[in-house]
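Structural features, examined
This is what each chain is made of:
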Amino acid sequence: MTSSPQSLHRVNYAAPRSFGTLLKANLKETLFPDDPFHEIKNEPISRRFLKGAQYFVPIFEWLPKYNFKLLKYDLLAGITIASLAIPQGISYAKLANIPPIIGLYSSFVPPLIYAVFGSSKHLAVGTVAACSLLIAAIIEGKVNASDNMPLYLSLVFTATLFSGLVQTALGLLRLGILVDFLSHSTITGFMGGTAIIICLQQLKGMLGLKHFTTHTDVVSVLRAIFHNRKEIMYTRKNASLQKNKKPKLFWVSAIAPMVTVIVGCLFAYFAHAEKHGIQIVGHLSKGINPSSIHLLNFDPKYISAPIKAGVIAAMISLAEGIAIGRSFAIIRNEQIDGNKEMIAIGLMNIFGSFTSCYLTTGPFSKTAVNFNAGCKTAMSNVVMSICMMLTLLFLAPLFSYTPLVSLSAIIMSAMLGLIDYDKAYHLFKTDKFDFCICMAAFFGVSFISMDIGLMLSVGLALIRALLYIARPATCKLGLISETGLYRDVEQYPDANGIAGFLILKLGSPIYFANCNYVRERILRWIRDERSHTISKGNEIEFLLLELGGITSIDITGVETLLEIRRCVQAKGIKMILVNPRLGVLEKLMVTESIDTITKESVFLTIEDAIDACRFSLKCSDHIKTENLAIV
């Protein structure tokens with residue numbers, strides 16, 4: 001009599017975990033994948049409280065260790081980014097069609113809030129061009145800034161509040177996964193399209209045009225330029241700024257905007273430029289941020305615009321701020337918590353909406369300058385805030401003579417750096433679908449509108465994700481004799497199939513959305529394999545499904561496995577399951593499907609399954625031989 005195979009591996013059929021245990025485990029993996037409190041699990045309560053406070057309010061962690069040596073670096077970095085914040089604040093406020101002083105206000109309060117709650121050492125807080133233009137484009141759909149500035153400004157503050165609320169809520173609920181739907185391809189295309197629109201819009205200031213469009217698409221902007229062609233004939237060209245991208249010479253690009261503003265102010269003041277038709281910023285009053293709580297507007301007639309602007313700008317500013325913070329942290333082999341960053345950015349926008357600020361995040365240009373200037377902690381944001389306070393108290397009126405042409409030059413210089421040609425070309429060479437996602441954002445923003453372009457790109461990205469779910473990868477495995485490993489026969493041509501066996505590897509969760517495809521794909525594998533092996537005199541007797549790549553399965557997926565089993569049995573083939581994951585095995589047990597499949601048909605390794613199947617074949621042949629002998 002043939003003896004049973006000596007298998008050293010056994011499948012663990014432990015009792016399925018309870019619903020509460022599963023729910024807790026799933027929530028932990030979804031909301032706390034980084035396990036932030038693992039270091040304090042066994043600490044005393046007082047220690048836990050201190051560590052918890054340091055986790056949620058990072059300034060409690062780094063401020064007690066702060067010293068004069070660190071201050072020297074942060075002081076230089078803070079002053080440097082403050083010199084960049086002044087012209088950028090005025091310029092980007094101009095993009096948002098709000099008073100320039102609001103741009104200066106926005107670099108005073110938000111940096112202080114971020115210094116308390118932010119986890120990045122290098123992120124420099126400020127306004128950004130893309131969100132400035134986006135807010136203006138959406139809110140001007142309801143209210144024209146030139147017709148009713150008080151109402152328009154109140155809606156901008158309200159949009160900033162909604163942005164802050166959305167960002168804080170995402171951080172508290174640890175739903176940073178939602179921001180991941182804005183892929184790098186989407187951000188690249190969106191920033192490039194926005195840069196094109198902003199550059200074209202700056203022709204108004206560069207060419208001295210007085211009448212221009214409020215729309216944010218290329219066609220409208222070019223049409224406005226064409227209608228103003230008579231004014232253009234009387235303008236002169238302005239020299240463009242050039243940025244030095246060498247890290248050691250960061251101060252050149254950092255002080256260039258301020259130098260431009262100062263030179264422009266001096267020229268406008270002594271030449272009485274406004275009398276010669278050169279437009280200037282106009283009156284800027286002294287004083288720090290006044291309260292704007294009373295200006296928040298929740299009128300049902302207008303509320304849709306600030307909600308829409310707030311939500312879209314919240315997602316874009318989060319994606320930009322977190323990505324930039326992580327990029328510079330990686331350079332120093334450091335990590336930042338995306339959820340804490342969302343809370344910090346959200347809180348600074350909430351407080352900003354109460355103190356006459358509009359939306360802020362971590363712009364790349366200012367953060368790069370902060371990093372290259374040698375900042376060590378978030379204290380550089382505090383230094384910048386103090387510099388802005390002094391500017392608001394004593395120097396603000398001096399910037400009222402800033403020519404609009406200078407601001408346009410500053411904006412165009414910054415925007416040209418946002419058009420990432422190399423990234424787009426890299427996407428085209430490496431992944432055509434990612435390139436299409438990028439181009440959908442670029443052309444959608446450029447020729448339709450910012451929100452439509454963004455939705456088109458995100459929609460394509462979601463379609464791609466759904467295709468991955470609906471059409472999971474499967475492959476046939478073969479044995480590489482030299483190694484004893486089973487690998488994809490297409491990837492490894494030396495891998496050979498096993499006579500009588502069809503070994504398939506399924507590579508993704510089985511859900512209702514892909515069940516039909518999984519069933520049809522497996523049956524097609526069987527059909528193709530049988531047509532190939534019959535000519536050689538071999539028949540498929542066993543179908544081995546390697547389930548190590550299936551992390552989960554739903555009820556429809558379980559029913560599909562049973563249906564596949566019935567189909568292959570009708571063809572005289574026995575279905576074997578190999579290496580089912582814990583979640584899959586538990587679902588088979590609680591649905592009692594394991595009784596139908598039988599535990600004898602479930603194995604830990606492919607080798608165990610093949611040995612057991614061969615043993616059963618030998619037993620079957622031995623029994624047939626004995627029966628024939630008896631007959």
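The sections below set out a description of the structure shown in this document. Keep in mind that this is a model prediction, so the values were computed, not measured. (Residues numbered from 1 in each chain as written. Predicted model: local features only at pLDDT ≥ 70, side-chain atom pairs only at ≥ 80, totals over all residues. Heavy atoms only, no water.)

Brief notes about the overall build of the protein
- Of the regular secondary structure elements, the protein holds 26 helices and six strands.
- Buried positions account for 51% of the 631 residues belonging to the protein.
- For the protein, the accessible surface area stands at approximately 31,400 Å², while carbon and sulfur atoms represent 63% of it. (Helix = DSSP H or I, 4+ residues; strand = E, 2+ residues; numbered from the N terminus. Buried < 20%, exposed > 50% of the residue type's maximum accessible area, 1.4 Å probe, protein only. Areas by Shrake-Rupley, 256 points an atom, 1.4 Å probe, with all protein chains shown as cover.)

Comments concerning the sheet that holds strand β1 (residues 474-480)
- Here six strands make up an open sheet; going across it, the order is β2-β1-β3-β4-β5-β6 and the pairing mixed. Among the strands making up the open sheet, the edge pair consists of β2 (485-488) and β6 (602-603).
- Strands in contact with helix α23 (residues 555-570) are β4 (542-546) and β5 (574-578); relative to β5, the strand with the most contacts, it is inclined by about 145°. (Pairing = 2+ DSSP bridges. Contact = heavy atoms within 4.5 Å. Axes fitted to C-alpha atoms, helices over the stretch in contact; angles between N-to-C directions.)

Some thoughts on the side chain of S91
- Looking at where S91 falls in the secondary structure, it is placed in helix α4 (residues 68-95).
- Excluding residues within four positions of it along the chain, S91 makes contact with L407, I410 and I411.

Things to note about the packing of aromatic side chains
- Per the stated rule, a full pass over the model turns up seven aromatic pairs.
- When the ring of F162 is compared with that of F298, the centres are 6.2 Å apart and the planes differ by 85°; the resulting orientation is edge-to-face. With F162 in helix α8 (residues 149-172) and F298 in the loop between α13 (250-270) and α14 (304-331), this residue pair connects regions lying 136 residues apart in the sequence.
- With a relative accessible area of 48%, F298 lands in the partly exposed category. (Phe/Tyr/Trp six-rings, centres within 6.5 Å; stacked < 30°, edge-to-face > 60°.)

Some words on the nonpolar core
- Among the nonpolar cores identified, the biggest contains 98 residues, and I98, I101, I102, I139, Y152, F190 and M415 are the most heavily contacted of them.
- Ranked by residue count, the leading element in this core is α14, at ten residues.
- Ignoring sequence-local partners within four residues, the contact set of I98 consists of A93, M149, Y152, L153, V156 and Y358.
- I522, I550, L585 and I597 belong to the second-largest nonpolar core, a separate cluster that totals 31 residues. (Core = buried A, V, L, I, M, F, W, Y, C linked by side-chain atoms within 4.5 Å.)

Section: the pattern of salt bridges
- Here the structure, examined in full by the defined rule, presents nine salt bridges.
- Close ionic contact of R519 with E563 constitutes a salt bridge, the shortest N to O distance being 3.6 Å. One end of the pair, R519, is in helix α22 (residues 515-533); the other, E563, is in helix α23, and 44 residues separate them in sequence. (Salt bridge = Lys/Arg side-chain N within 4 Å of Asp/Glu carboxyl O.)

So, α23
- A rise of 1.5 Å per residue sets the reference length of α23, with its 16 residues, at 22 Å; its end C-alpha atoms lie 23 Å apart and thus fit the reference within 8%.
- Those residues of α23 not exposed but buried are G557, V558, T560, L561, L562, I564, R565 and V568.
- In the segment just after α23, G572 is the residue with positive phi, at about 80°. (Expected span 1.5 Å × (residues − 1).)

Focus on the pairing of β2
- Two elements, β1 and β2, share four bridges in a ladder whose sense is antiparallel. Bridging across to β2, I480 finds its partner in L485.
- Adjacent in sequence and paired antiparallel, β1 and β2 are bridged by four residues, among which G484 carries a positive phi angle near 75°.

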